[in-house]
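# What the coordinates show
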Amino acid sequence: QVQLVESGGGLVQPGGSLRLSCAFSGNTFNLYAMGWYRQAPGKQRELVASIRSGGRTNYADSVKGRFTISRDNTKSTVYLQMNSLQPDDTAVYYCNAAEVTAYTYWGQGTQVTVSS
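Because the structure is a prediction, the values reported are computed rather than measured.

## Considerations on the packing of aromatic side chains
Each aromatic ring pair is specified by the distance between its two centres and by the angle formed by the two planes. Summed over the entire model, instances satisfying the criterion amount to three aromatic pairs. A ring pair is formed by Tyr103 and Tyr105, whose centres lie 5.0 Å apart and whose planes are at 75 degrees; its orientation type is edge-to-face. Classification of Tyr105 as buried rests on a relative accessible area of 10%. Among the aromatic residues, those joined into a cluster by ring pairs are Tyr37, Tyr94 and Trp106. Geometry around Tyr94 places Arg45 over its ring, the cationic atom sitting 4.1 Å from the centre.

## Focus: unusual backbone geometry
Residues other than glycine seldom take positive phi values, yet Ser76 does so here, at roughly 50 degrees. As for its position among the elements, Ser76 is in the loop between strand E7 (67-72) and strand E8 (77-82). On the basis of relative accessibility, which here comes to 26%, the residue Ser76 falls in the partly exposed class. Backbone geometry at Ser84 places phi at a positive 50 degrees, although glycine is not the residue there. As for its position among the elements, Ser84 is in the loop between E8 and strand E9 (91-99).

## Focus: the nonpolar core
Counting residues in each nonpolar core, the largest one holds 29 residues, and the members touching the most others are Leu4, Met34, Trp36, Leu80, Met82 and Tyr93. Elements with a contribution of two residues or more to this core: strand E1 (2-7), strand E3 (18-26), strand E4 (31-39), strand E5 (46-52), E7, E8, E9 and strand E11 (110-114).

## So, the pattern of salt bridges
Enumeration according to the criterion identifies four salt bridges in this entry. With its nearest N and O atoms 3.8 Å apart, the salt bridge here joins Lys64 to Asp61. Between Asp89 and Arg66 there is a salt bridge, with the nearest N and O atoms lying 2.8 Å from each other. Of this pair, Asp89 sits in the loop between E8 and E9 while Arg66 is found in the loop between strand E6 (57-59) and E7, placing the two residues 23 residues apart along the sequence. With respect to burial, Asp89 and Arg66 carry one shared label: buried. What you see here is one network of salt bridges that share partners, running through Arg38, Glu46, Arg66 and Asp89.

Reading guide: rules and limits
Residues numbered from 1 in each chain as written. Predicted model: local features only at pLDDT ≥ 70, side-chain atom pairs only at ≥ 80, totals over all residues. Heavy atoms only, no water. Phe/Tyr/Trp six-rings, centres within 6.5 Å; stacked < 30°, edge-to-face > 60°. Buried < 20%, exposed > 50% of the residue type's maximum accessible area, 1.4 Å probe, protein only. Lys NZ or Arg CZ within 6 Å of the ring centre and 35° of its normal. Helix = DSSP H or I, 4+ residues; strand = E, 2+ residues; numbered from the N terminus. Core = buried A, V, L, I, M, F, W, Y, C linked by side-chain atoms within 4.5 Å. Salt bridge = Lys/Arg side-chain N within 4 Å of Asp/Glu carboxyl O.

If you want it as C-alpha cells, here you go:
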C-alpha cells in the first residue's frame, strides 16, 4: 500500500509560480514512476509530468519549459514546480504513483487556480 499526500495548491496570479508537493509513504519499493495529473471541470484528466525511478522525465507539451518535476527520495517527496502559470493551468492536480505492475495510486488532489 502506498499513500500519497499532496500540498501546495492555491490561488496564484498569471505569470506566478507555485510548487506542489507529494509526500509518499508505505511500500514504495516497487514504484516505477510518479507523476502529476490535472483535471479541469468538464475535461479529461491529463498527464502533466512524470518521473521514472531512474530520473527520466516527461512533460505535456502545454507545460514543457514551465513546469519541472523532481523527486527527493531522502524526503520521500515528489515536487512539481510550476512557473509562468496561466489561467489554463487551473485544475485539480493529482499526484500519481505507478508500480511496475501498472497498478497506480492517487493522491486526494489539490486545487490550483490561476487568476488575477
